[in-house]
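Here's the letter readout for the chains.
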Amino acid sequence: MVKQFKKFIARGNVLDLAVGVIIGASFGKIVTSLNESMLMPVIGWIFGDIDFSNWFIRLGEIPSDYSGSLTNYAELKEAGVPMIGYGDFITQTVDFLIIALALFFIIRTVNRVLDEMQEQAKQTEDSSSSDDIPTDPQLDVLKQILGEMRKNSQPA
């Protein structure tokens, strides 16, 4: 079982996934910081110094021993008051949209590069002779076989 686990972990796609998750978590923290520290204050300033984090609808009673602010979402939530925090939802939605937009641009760029590389590979007989094209020995051999078959099938 240990050998199987080592084999599983050593596979490239598992390591790629692990790296992706770690980078994604870090990227998420950066986007959250960008959103909470830079974008939402500007949006709040544009709309009249609004703090989205304190937009909520209180659904239940405030405990009698509560002595904090009646407009502070975090304090009320900590006191156990049932609420719908739609301001936090707005903030999280903006976070999601920023991440989705960034991923869209990254994937779009990667797809363009991959398309260009595939087009170059199609036009090249032997990818090992070019430094600009990733080498695919199997594809090179198949192209050589196809070329030989075409030569042999033409009438002399």
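I will try to describe carefully the structure that is included in this document. (Residues numbered from 1 in each chain as written. Predicted model: local features only at pLDDT ≥ 70, side-chain atom pairs only at ≥ 80, totals over all residues. Heavy atoms only, no water.)

Right, let's talk about the overall build of the protein for a bit. When helices and strands are counted, the protein shows five helices and two strands. Reading the secondary structure of the protein in the N-to-C direction produces α-α-β-α-β-α-α. Taken over 156 residues, the protein has a buried fraction of 17%. In the protein, the share of contacts with a sequence separation of at least 24, taken over all contacts with a separation of at least 6, comes to 41%. (Helix = DSSP H or I, 4+ residues; strand = E, 2+ residues; numbered from the N terminus. Buried < 20%, exposed > 50% of the residue type's maximum accessible area, 1.4 Å probe, protein only. Contact = heavy atoms within 4.5 Å.)

Let us look at the nonpolar core. Within the largest apolar cluster, six residues are counted, these being Phe56, Tyr66, Tyr73, Leu76, Val81 and Met83. Filtering out sequence-adjacent residues up to four positions away, phenylalanine 56 remains in contact with Leu70, Thr71, Asn72, Tyr73, Leu76, Met83, Ile84, Gly85 and Tyr86. (Core = buried A, V, L, I, M, F, W, Y, C linked by side-chain atoms within 4.5 Å.)

In this section: a nonpolar patch on the surface. The grouping of Ile57, Leu59, Ile84, Tyr86 and Phe89 at the surface amounts to a nonpolar patch, some 510 Å² of accessible area in total. Checked against the element boundaries, tyrosine 86 lands in helix 4 (residues 86-123). Under the relative-accessibility criterion, tyrosine 86 is labelled partly exposed at 35%. (Patch = residues over 30% accessible without salt bridge, like charges linked within 9 Å, V, L, I, M, F, W, Y side chains within 5 Å. Areas by Shrake-Rupley, 256 points an atom, 1.4 Å probe, with all protein chains shown as cover. Salt bridge = Lys/Arg side-chain N within 4 Å of Asp/Glu carboxyl O.)

Before going further, it helps to examine the packing of aromatic side chains. Counted under the stated rule, the structure contains three aromatic pairs. Here phenylalanine 56 and tyrosine 73 contribute two aromatic rings whose centre-to-centre distance is 5.8 Å and whose plane-to-plane angle is 40 degrees, an arrangement assigned as tilted. Highlighted residues: phenylalanine 56 in the loop between helix 2 (12-46) and strand 1 (57-58) and tyrosine 73 in helix 3 (residues 73-78), separated in sequence by 17 residues. By the burial criterion, phenylalanine 56 is buried, and tyrosine 73 matches it. (Phe/Tyr/Trp six-rings, centres within 6.5 Å; stacked < 30°, edge-to-face > 60°.)

A full pass over the atoms with the stated rule returns one salt bridge. The closest approach of N and O atoms between lysine 151 and glutamate 148, which form a salt bridge, is 3.5 Å. With lysine 151 and glutamate 148 both in helix 5 (residues 137-153) and three residues apart, this pair spans about one turn of that helix. Relative accessible area serves as the criterion here: at 42%, glutamate 148 is assigned to the partly exposed category.

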